[in-house]
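Secondary and tertiary structure notes
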Amino acid sequence: MQNLKLNHFYSYVNTASAIIQSYDGSIPFAHFIKDYFSRNKKFGSRDRKYITQFCYSYFRLGRSYPQCSVHQKILKGLECTGFKLDPTHVAVLKGAALPQDKPQKIFNYDAPLSEHIDQAAFEQSHLVQPDLFLRIRPGNENAVINKLQLSAVNFTVEGNSVRLPNSFKAESVIAINREAVIQDLNSQNVGTLLELYKEQAAKDAKIKVWDCCAASGGKSILAKDILSDIELTVSDLRPSIISNLRRRFEEAGIKRYKSFVTDATKARPDHLFDLIIADVPCSGSGTWARTPEQLLFFSEDKIGDYAALQRAILSNVIKYLKPGGYLLYITCSVFRQENEDQVHYLQEQGVQAIQQQVFKGYEIKADTMFGALLRK
Ligand SMILES: C[S@@+](CC[C@H](N)C(=O)[O-])C[C@H]1O[C@@H](n2cnc3c(N)ncnc32)[C@H](O)[C@@H]1O
């Protein structure tokens, strides 16, 4: 990075600035910039890498420096993310100065955060991209570790979690979904609540599990790996999501399950469940170090919309819990309204909280998640 020729540096700042100014937040920035490069073929892979990095450095500052130009914010973002700027770099600002103060409004929302989240540390964590994580599936520990060793990538292993550099193409080395799943560390750690369920739940019959917001089935595969012998039902809102899930389950070797397309606020499954997993749609605010454009484009009033949708899903699905059945509520949000307040709401409906926890990712280069295990 620091060997970058000055004329290239200036050109990348100008291009990143133009891209940022044409982006309106309506699609993820990763898709937007991919599309931009596919329309603008003159950029080689090195150019694309730098321009992308320059754009993300800008977004990582969130709403800090509202008085500054896009060029100033790109340079300040680079400085805050470890690029050593000298006066020749700053010359691209054509006489304007680089702000000297630290970024103050990276995560600039008034809504209260969940308990025990260190606001300052959480805010600063957005300057760093989280790592890539694999969860090794049972029985594949040696195979996965051997393959990673042969690939010469730098990695660390803790239990069955593997931490890798973000640029690593895991699918070129590992049979993804069969041997290991790509899953953020704290999404994996939510599994501790499934372990708790396993300790507490009756063991006399096959556990009936409904993953009511299944997406491509990350939590279902986790549940299958932890609870083993389950009768699994999955559902989500759109057919395309369920067909992705089917593909993934095939790779994962999960053959026996029921799937259907339904709105979980209105779903009417034909039987009751021992365990419902509600990994609900949410602000995603615990994951914005991966998608820092959200720091600029997410508007606070959407928190209430998500909270209302979550409540509608919860108030419907708890009807399909057996008496004594368990609910695993999960978000990747840091906002109290989507987390503890929803647990409180469930308690008001007569569902008892067994354990709730913020899985903090901001000090360990991972996402922040919230999970609660409740019992009807
Ligand atoms: C956080 S994601 C679930 C992630 C998934 N559990 C995993 O681990 O990969 C939330 C999912 O809820 C789905 N969803 C949103 N609104 C819904 C609704 N009203 N009913 C059912 N699913 C919904 C979305 O399509 C999305 O796939």
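Per an unreviewed UniProt entry, the protein is named Methyltransferase domain-containing protein, and its organism is Niabella digestorum. Under Sequence similarities (unreviewed entry), UniProt gives the following word-for-word description of the protein: "Belongs to the class I-like SAM-binding methyltransferase superfamily. RsmB/NOP family."

**Brief notes about the UniProt feature "active site" (unreviewed entry) in the protein**
Per the UniProt record, "active site" (unreviewed entry) is found at Cys 332. Inspection of the secondary structure puts Cys 332 in the loop between β9 (321-331) and α14 (340-348). Dropping the residues within four chain positions of it, Cys 332 is found in contact with Cys 282, Gly 284, Ser 285, Gly 286, Thr 287, Thr 368 and Met 369.

**As for the site of the ligand**
Close contacts around the ligand come from 16 residues, with Lys 219, Asp 236, Asp 263, Ala 264 and Asp 279 the closest. Between the ligand and Asp 263 there is a distance of 2.9 Å, counted from a nitrogen atom to a side-chain nitrogen or oxygen. Take Asp 279: an N or O atom from its side chain is 2.8 Å from a nitrogen atom of the ligand. Burial of the ligand by the surrounding chains reaches 82%, relative to a free accessible area of 600 Å². Of the residues contributing to the shell around the ligand, the split by class is ten nonpolar, two polar and four charged.

**Description of the nonpolar core**
In terms of nonpolar packing, the biggest core is built from 42 residues, with Phe 107, Cys 212, Ile 276 and Leu 327 touching the most fellow members. Elements that contribute at least two residues to this core include exactly β8 (273-279), α13 (301-317), β9, α14 and β11 (369-375). Both domain 1 (6-105) and domain 3 (185-375) contribute no fewer than three residues apiece to this core. The contacts of Leu 327, once residues within four sequence positions are left out, are Ile 276, Ala 278, Leu 314, Val 317, Ile 318, Leu 321, Leu 346, Ala 372, Leu 373 and Leu 374.

**What about the pattern of salt bridges?**
Across all of its chains, the model carries 13 salt bridges by this definition. When the shortest N-O distance is used, the salt bridge between Asp 225 and Arg 135 registers 2.7 Å. In this pair, Asp 225 sits in helix α10 (residues 218-227) while Arg 135 sits in strand β1 (residues 132-136), placing the two residues 90 residues apart along the sequence. A residue is classified by how much of its surface remains accessible, and Asp 225, at 16% relative accessible area, is buried. Between Lys 266 and Asp 263 there is a salt bridge, and its shortest N-O distance comes to 3.4 Å. Here the salt bridges share partners, and the residues they tie into one network are Asp 131, Arg 163 and Lys 365.

**Quick look at the packing of aromatic side chains**
According to the stated counting rule, one finds 32 aromatic pairs in the structure shown. Seen in terms of ring centroids, Phe 37 and Phe 43 are 5.7 Å apart; in terms of plane orientation they differ by 70 degrees. Their pairing is edge-to-face. A single burial state applies to Phe 37 and to Phe 43, both of which are buried. Measuring from ring centre to ring centre gives 5.3 Å for Tyr 58 and Phe 59, while their planes differ by 80 degrees; the resulting arrangement is edge-to-face. The buried category is assigned to Phe 59, whose relative accessible area is 1%. Through pairs of rings, three or more aromatic residues link up here, namely Tyr 23, Phe 29, Phe 32, Tyr 56, Tyr 58, Phe 59 and Phe 297. Here the basic side chain of Lys 49 rests over the ring of Tyr 50, its NZ or CZ set 5.3 Å away from the ring centre. Above the face of the Tyr 58 ring, Lys 73 is positioned so that its terminal group lies 4.7 Å from the ring centre.

**Some points on the side chain of Ser 125**
Here Ser 125 lies in the loop between α6 (119-124) and β1. With a relative accessible area of 14%, Ser 125 lands in the buried category. The contacts of Ser 125, once residues within four sequence positions are left out, are Ala 289 and Tyr 362.

**Regarding the sheet that holds strand β4 (residues 180-182)**
Ordered in space as β2-β3-β1-β4, the four strands form an open sheet in which the pairing is antiparallel. Each end of this open sheet is capped by a strand with a single partner; those strands are β2 (156-158) and β4. Sheet twist, expressed as the mean angle between neighbouring strand axes with direction ignored, is 25 degrees. In this structure, β2 lies alongside strand β3 (residues 161-164), joined through three bridges in antiparallel fashion. Along β3, the bridge assignment pairs Glu 158 with Ser 161. The strands touched by helix α7 (residues 141-151) within the sheet are β1, β2, β3 and β4, with β1 carrying the most contacts at an inclination of about 145 degrees.

**Let's talk about the pairing of β9**
Where burial is concerned, most of β9 is hidden: eight out of the eleven residues are buried. Bridge analysis of β8 against β9 gives six bridges, and the strand direction is parallel. Bridging across to β9, Asp 279 finds its partner in Ile 330. By the bridge criterion, six bridges tie β9 to β11 in an arrangement that is antiparallel. Bridge assignment links Tyr 326 to a residue of β11, and that residue is Arg 375.

Quick notes on the rules
Residues numbered from 1 in each chain as written. Predicted model: local features only at pLDDT ≥ 70, side-chain atom pairs only at ≥ 80, totals over all residues. Heavy atoms only, no water. UniProt positions renumbered as here; feature names shortened; annotations may be inferred. Helix = DSSP H or I, 4+ residues; strand = E, 2+ residues; numbered from the N terminus. Contact = heavy atoms within 4.5 Å. Near = heavy atom within 4 Å. Polar contact = N/O pair within 3.5 Å; in protein donor to acceptor, adjacent residues only side chain to side chain. Areas by Shrake-Rupley, 256 points an atom, 1.4 Å probe, with all protein chains shown as cover. Nonpolar A, V, L, I, M, F, W, Y, C, P; charged D, E, K, R; others polar. Core = buried A, V, L, I, M, F, W, Y, C linked by side-chain atoms within 4.5 Å. Buried < 20%, exposed > 50% of the residue type's maximum accessible area, 1.4 Å probe, protein only. Domains from an automatic or database assignment. Salt bridge = Lys/Arg side-chain N within 4 Å of Asp/Glu carboxyl O. Phe/Tyr/Trp six-rings, centres within 6.5 Å; stacked < 30°, edge-to-face > 60°. Lys NZ or Arg CZ within 6 Å of the ring centre and 35° of its normal. Pairing = 2+ DSSP bridges. Axes fitted to C-alpha atoms, helices over the stretch in contact; angles between N-to-C directions.

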